[in-house]
Amino acid sequence: MELIRITHENLETEHICCAIASNKDCQVLSKKAWLKESLGEGLVFLKCNVRGKCFIEYIPSEYAWTPIEADGYIYINCLWVSGQFKGHGYSNLLLEECIKDSKEKGKKGLVILSSQKKMGFLSDPKFMRYKGFETVDTAAPYFELLYLPFDKGVEKPRFKAFVKDPRHSDMPEGFTIYYTNQCPFTAKYVPILEELAKKRNAPFQAVHIQTREQAQNALVPFTTFSLFYNGEFITHEIQSEKKFERILIEKGFN
């Protein structure tokens, strides 16, 4: 399988993610704008030469949009192979290329965000452990920071202390969403969720994290999308209309 690396030169012409076909879609536009900025900070977006979910995205941890301390490591934003592309060894191919590239750059190892059990939008812990990754730190309620060190005795990465607790009393009442444009789906769904909350008179605040510095000091391990209610973490999974409507009803907004 041919691998294609996204660059500033081919960004506008390559199909980059998640089976969204149109370059004019707001989701694709937001993702490509985010990529354009991050490519200058060492981000690598490597995809199989297909139109679909078959890619890996990684960046030097010092520039990762997540509150971790992992100097000298490479942080994997996303490794996603699904649909018809599963079962062909493409996940192994993409991860091995990332490992090779990271070693050539003299990095200490790899870091990736996962969970106690397999969940959407997070790396599959079973696959990552099979590839040699270990849990190095945790953050409630279910986040795990996995790492693959290249040498023994290297300093271990960790979450920043302030993301350990999933409850934050200083948040406003009602729903609060933290999100970035790292995932294209937020550009579509955050406005939809805001409108649904408005229709049910539910207090709602969307916090759009727009810089790396903001992301590295955010209150959540998964800055791409995290939903809170009255300061308590609910989920990191990007919500569809039906899923969010169920949450609204559960919280008494009928």
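Counting of residues starts from 1 at the beginning of each chain's written sequence and follows it residue by residue. The model is predicted, so local features are restricted to residues of pLDDT at least 70 and side-chain atom pairs to those at 80 or more, both for listing and for counting; the totals for chains, interfaces and linings are taken over all residues. Only hydrogens and water are set aside when side-chain values are computed; all heavy atoms of the structure are taken into account.

## Things to note about helix α1 (residues 26–39)
- Going along the chain from the N terminus, every DSSP run of H or I of four or more residues is numbered as a helix, and every run of E of two or more is numbered as a strand. Expected helix span is given by 1.5 Å per residue-to-residue step, counting one fewer step than there are residues. Here α1 is 14 residues long and its end C-alpha atoms lie 20 Å apart, about the 20 Å a rise of 1.5 Å per residue gives.
- Three exposure classes are used, based on accessible area relative to the maximum for each residue type with a 1.4 Å probe and protein chains only: buried under 20%, partly exposed in between, and exposed over 50%. If you check which residues of α1 are buried, you get Gln 27, Val 28, Ser 30, Lys 31, Lys 32, Trp 34, Leu 35, Ser 38 and Leu 39.
- Only heavy atoms matter for contacts: two residues are in contact if any of them lie within 4.5 Å across the pair. Where α1 is buried, its residues contact β2 (44–48), β3 (54–60), β5 (73–81) and α4 (185–199).

## Regarding the sheet that holds β5
- The criterion for strand pairing is that DSSP finds at least two bridges linking the strands in question. Spatially, the 7 strands line up as an open sheet ordered β1-β2-β3-β5-β6-β8-β7, and their pairing is mixed. Strands at the two margins of the open sheet, each flanked by one partner only, are β1 (3–5) and β7 (134–139). This sheet shows a mean twist of 25° between the axes of neighbouring strands, independent of strand direction.
- By the bridge criterion, 7 bridges tie strand β6 (residues 109–115) to strand β8 (residues 143–149) in an arrangement that is antiparallel. Bridged to Leu 110 within β8 is Leu 148. Fitting a line to C-alpha atoms yields each axis, with helices limited to the stretch in contact; the angle taken between N-to-C directions then spans 0 to 180 degrees.

## Here we look at the sheet that holds strand β12 (residues 225–229)
- Judged by pairing direction, the sheet is mixed, and its 4 strands sit side by side in the order β11-β10-β12-β13 without closing on themselves. Either end of the sheet is taken by a strand with one partner, and the two such strands are β11 (204–208) and β13 (232–235). Each adjacent strand pair in this sheet contributes to an overall mean axis angle of 25°, direction not counted.
- As paired elements, strand β10 (residues 175–179) and β12 share 5 bridges and run antiparallel to each other.

## With respect to the pairing of β3
- Here β3 lies mainly inside the structure; 7 of its 7 residues are buried.
- In the sheet, β2 pairs with β3 via 4 bridges, with the strands oriented antiparallel. Directly across from Val 44, in β3, lies its bridge partner Tyr 58.
- The hairpin formed by β2 and β3 contains 5 residues between the paired strands.

## Points about the nonpolar core
- Membership of the largest hydrophobic core comes to 37 residues, with the highest contact counts inside it found for Val 111, Phe 143 and Phe 159.
- If you list the elements that add at least two residues to this core, you get α1, β3, β5, β6, β7 and β8.
- Among residues more than four places away in sequence, those in contact with Phe 143 are Leu 113, Ser 114, Leu 122, Asp 137, Thr 138, Phe 159, Pro 221, Phe 222, Phe 233 and His 236.
- Joining through side-chain atoms within 4.5 Å is the link that ties buried Ala, Val, Leu, Ile, Met, Phe, Trp, Tyr and Cys residues into a set, and such a set is a nonpolar core. Formed by 24 residues, the second largest nonpolar core is a distinct cluster that contains Tyr 58, Ile 74, Phe 85 and Phe 150.

## Some details on the packing of aromatic side chains
- In summary, the pairing rule links any two rings of Phe, Tyr or Trp, Trp by its six-membered ring, whose centres are within 6.5 Å, and it sorts them by plane angle into stacked for under 30 degrees, edge-to-face for over 60 and tilted for everything else. Counted by the stated rule, this structure contains 14 aromatic pairs.
- When the centroid spacing of 6.4 Å and the interplanar angle of 55° are considered together, the rings of Tyr 73 and Tyr 147 count as tilted. Here Tyr 73, found in strand β5, pairs with Tyr 147, found in strand β8; they are 74 residues apart in sequence, far enough to count as distant. Judged on exposure class, the residue Tyr 73 and its partner Tyr 147 are both buried.
- Centroid distance Tyr 142 to Phe 233: 5.9 Å. Interplanar angle 65°. Geometry classified as edge-to-face. With Tyr 142 in the loop between β7 and β8 and Phe 233 in strand β13, the pair connects residues that are 91 residues apart, well separated along the chain. Accessibility classification places Tyr 142 together with Phe 233 in one group, the buried group.
- Through a chain of ring-to-ring contacts, the aromatic side chains of Tyr 142, Phe 143, Tyr 178, Phe 228 and Phe 233 assemble into a single cluster.
- Of note, Lys 103 hangs over the ring of Phe 150, and the distance from its end group to the ring centre comes to 5.3 Å. Throughout this description, the term charge over a ring refers to an Arg CZ or Lys NZ atom that lies within 6 Å of the ring centre and within 35 degrees of the ring normal.

## Quick notes on the side chain of Gln 182
- On the secondary structure map, Gln 182 appears in the loop between β10 and α4.
- The class of Gln 182 is buried, set by a relative accessible area of 9%.
- A 3.5 Å cut-off defines polar contacts: any pair of N or O atoms within that distance qualifies, except that in protein one atom must be a possible hydrogen donor and the other a possible acceptor, and neighbouring residues in sequence count only when both atoms are side-chain atoms. Polar contacts involving the side chain of Gln 182 include one to the side chain of Thr 224, which spans 3.1 Å.
- Setting aside residues no more than four positions away along its own chain, Gln 182 makes contact with Lys 31, Trp 34, Glu 57, Asn 77 and Thr 224.

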